[in-house]
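As a plain string of letters, each chain reads:
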Amino acid sequence: DTAVSQTPKYLVTQMGNDKSIKCEQNLGHDTMYWYKQDSKKFLKIMFSYNNKELIINETVPNRFSPKSPDKAHLNLHINSLELGDSAVYFCASSQGVTGGSYEQYFGPGTRLTVT
Amino acid sequence: ILNVEQSPQSLHVQEGDSTNFTCSFPSSNFYALHWYRWETAKSPEALFVMTLNGDEKKKGRISATLNTKEGYSYLYIKGSQPEDSATYLCAFANNDMRFGAGTRLTVKP
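What you are looking at is a predicted structure, and each value in this text was computed from that prediction instead of being measured.

Peer 1: Before we go on, may I ask you to explain the overall build of chain A in this structure?
Peer 2: Looking only at helices and strands, chain A features zero helices and 11 strands. Against the compact-globule benchmark of 13 Å for 115 residues, chain A has a radius of gyration of 13 Å, which places it among compact chains. Projected onto the principal axes, the alpha-carbon positions of chain A cover approximately 40 × 30 × 30 Å. Looking at chain A as a whole, 46% of its 115 residues qualify as buried. When the accessible surface of chain A is totalled, it reaches about 5700 Å², and 47% of it is carbon and sulfur. Across chain A, 12 positive and 11 negative side-chain charges occur, with their mean positions spaced 7 Å apart.

This is the structure in structure tokens:
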């Protein structure tokens, strides 16, 4: 069983479109995260959700919005896609609170290409 | 140090060599330090989470130490094997997660 899954794995779309990436975890974790791997391969946290509340909202454009229908899911919606949004996006989950002392489990990543 | 810094950026060793790399992080407001192993085309996998100054953790041939007062952690790999080739990431956790750029390790047979 996959612990943290993301769909789709690849997403190619045009500028200006709106898209979503889905994430599900079956680990019973309290907190879920979205990370962006930038062009320099850095992993940067975008959002985290704990008990359906947004805990962190880094300085990402408000075109990005996380949506958590329940504790096991954290989807990422992106409006008006731009070329600079092209990146690999990783979902992760952990027990406990954001940035705490529990290890994080990462999904396989979604490679978004905006043309 | 405001950010998380890792050195070296990359490392090439021969099979059987032992190696180590460094993670430097802010020494104030410390909560936890994470180490992850990231193989190409895969996703990061947790190695250790360390919280106490002086912590030492071990998993097989890999071990890590933590100095929160001076803000650094070392990761050691004893007797490197080709399958150890990966990028090793550390992350400073304190209500958020700040990752370093990683150390890319290549172990040659």
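Peer 1: What is the right way to look at the pairing of strand β1 (residues 4-7) of chain A in this model?
Peer 2: The side chains of a regular strand alternate between the sheet's two faces. Residue and element names in this part refer to chain A. Only one face of β1 is buried, namely the one carrying V4 and Q6, since none of S5 and T7 on the opposite face is buried. Where β1 meets strand β3 (residues 19-25), four bridges bridge the pair, whose relative direction is antiparallel. Within the sheet, the bridge partner assigned to T7 lies in β3 and is K22.

Peer 1: What's the story with the interface of chain B and chain A in this structure? I'm lost.
Peer 2: Bring the parts together and some accessible area is lost; that lost area is often taken as the interface size. Counting residues at the interface gives 20 residues for chain B and 19 residues for chain A. Summed over both partners, the interface of chain B with chain A buries about 1500 Å², with 65% contributed by carbon and sulfur atoms. For the interface between chain B and chain A, the tally reads zero salt bridges. Applying the counting criterion to the chain B and chain A interface returns three residue pairs in polar contact (both at pLDDT 80 or more). If you list the elements that add at least two residues to the side of chain B that touches chain A, you get β4 (32-38), β5 (45-50), β9 (86-93) and β10 (97-99) of chain B. Counting residues per element, the side of chain B that touches chain A draws most heavily on β4(B), which supplies four residues. When the residues that make up the side of chain B that touches chain A are grouped by side-chain class, the tally is 12 nonpolar, six polar and two charged.

Peer 1: Sorry, what's going on with the sheet that holds strand β8 (residues 72-77) of chain B here?
Peer 2: Pairing between sheet strands relies on hydrogen bonds along the backbone, with the strands arranged either parallel or antiparallel. Residues and elements named next belong to chain B. The five strands lie next to each other as β1-β3-β8-β7-β6, forming an open sheet whose pairing is antiparallel. With one partner strand each, in any of the chains shown, β1 (5-7) and β6 (56-59) form the two edges of the open sheet. Going across the sheet, the axis of each strand differs from the next one's by a mean of 15°, ignoring polarity. Relative to β8, strand β7 (residues 62-67) runs antiparallel, the two being bridged by six bridges. Following the sheet pairing, S63 is matched in β8 by Y76.

Peer 1: Looking at this structure, how should I read the side chain of H29(A)?
Peer 2: Residue position: H29(A) is located in the loop between β3 and β4 (31-37). Apart from the residues within four sequence positions on either side, H29(A) is in contact with K71(A), S93(A), S94(A), Q95(A) and Y105(A).

Peer 1: I tried to follow the state of the cysteines on my own but got confused; where do I start?
Peer 2: Here a disulfide denotes a covalent bond joining the sulfur atom of one cysteine to the sulfur atom of another. Residue and element names in this part refer to chain A. Within the structure shown, the criterion is met by two disulfides over all chains. There is a disulfide in this structure between C23 and C91, and the S-S distance comes to 1.8 Å. Taking the torsion about the S-S bond as the criterion, the C23 to C91 disulfide, at about -75°, is left-handed. One end of the pair, C23, is in strand β3; the other, C91, is in strand β9 (residues 87-94), and 68 residues separate them in sequence.

Peer 1: Hey, could you run me through the sheet that holds strand β8 (residues 75-78) of chain A in this one?
Peer 2: Residue and element names in this part refer to chain A. Taken in spatial order, the four strands make up an open sheet running β1-β3-β8-β7, and their pairing is antiparallel. Strands with a single pairing partner mark the edges of an open sheet, and in this sheet they are β1 and β7 (64-67). Across the sheet, the mean angle separating the axes of adjacent strands is 20° when strand polarity is ignored. One ladder, built from three bridges, connects β3 with β8; its direction is antiparallel. Its bridge partner lying in β8, I21 is registered against L76.

Peer 1: Is there a simple way to think about the environment of K108(B) in this case?
Peer 2: All names here are of chain B. Among the secondary structure elements, K108 is positioned in strand β11 (residues 103-108). The sequence separation of K108 and N67 amounts to 41 residues, and the corresponding C-alpha distance is 31 Å. Contact partners of K108, with chain neighbours within four places excluded, come to H12, V13, Q14 and E15.

Peer 1: Explain the packing of aromatic side chains to me, please; I cannot follow it from the model alone.
Peer 2: Residue and element names in this part refer to chain A. Counted under the stated rule, the structure contains 15 aromatic pairs over all chains. Centroid distance F90 to F106: 6.5 Å. Interplanar angle 80°. Geometry classified as edge-to-face. Of this pair, F90 sits in strand β9 while F106 is found in strand β10 (residues 105-106), placing the two residues 16 residues apart along the sequence. For F106, a relative accessible area of 8% translates into the label buried.

Rules of the game
Residues numbered from 1 in each chain as written. Chains lettered and ligands numbered in written order. Predicted model: local features only at pLDDT ≥ 70, side-chain atom pairs only at ≥ 80, totals over all residues. Heavy atoms only, no water. Helix = DSSP H or I, 4+ residues; strand = E, 2+ residues; numbered from the N terminus. Rg over C-alpha atoms; globule rule 2.2 N^0.38 Å. Buried < 20%, exposed > 50% of the residue type's maximum accessible area, 1.4 Å probe, protein only. Areas by Shrake-Rupley, 256 points an atom, 1.4 Å probe, with all protein chains shown as cover. Lys, Arg positive; Asp, Glu negative; His and termini not counted. Charge placed at Lys NZ, Arg CZ, Asp CG, Glu CD. Pairing = 2+ DSSP bridges. Contact = heavy atoms within 4.5 Å. Buried area = accessible area lost by both parts, 1.4 Å probe. Salt bridge = Lys/Arg side-chain N within 4 Å of Asp/Glu carboxyl O. Polar contact = N/O pair within 3.5 Å; in protein donor to acceptor, adjacent residues only side chain to side chain. Nonpolar A, V, L, I, M, F, W, Y, C, P; charged D, E, K, R; others polar. Axes fitted to C-alpha atoms, helices over the stretch in contact; angles between N-to-C directions. Disulfide = S-S within 2.5 Å. Phe/Tyr/Trp six-rings, centres within 6.5 Å; stacked < 30°, edge-to-face > 60°.

These results come straight from atomic positions and should not be treated as a statement about function.
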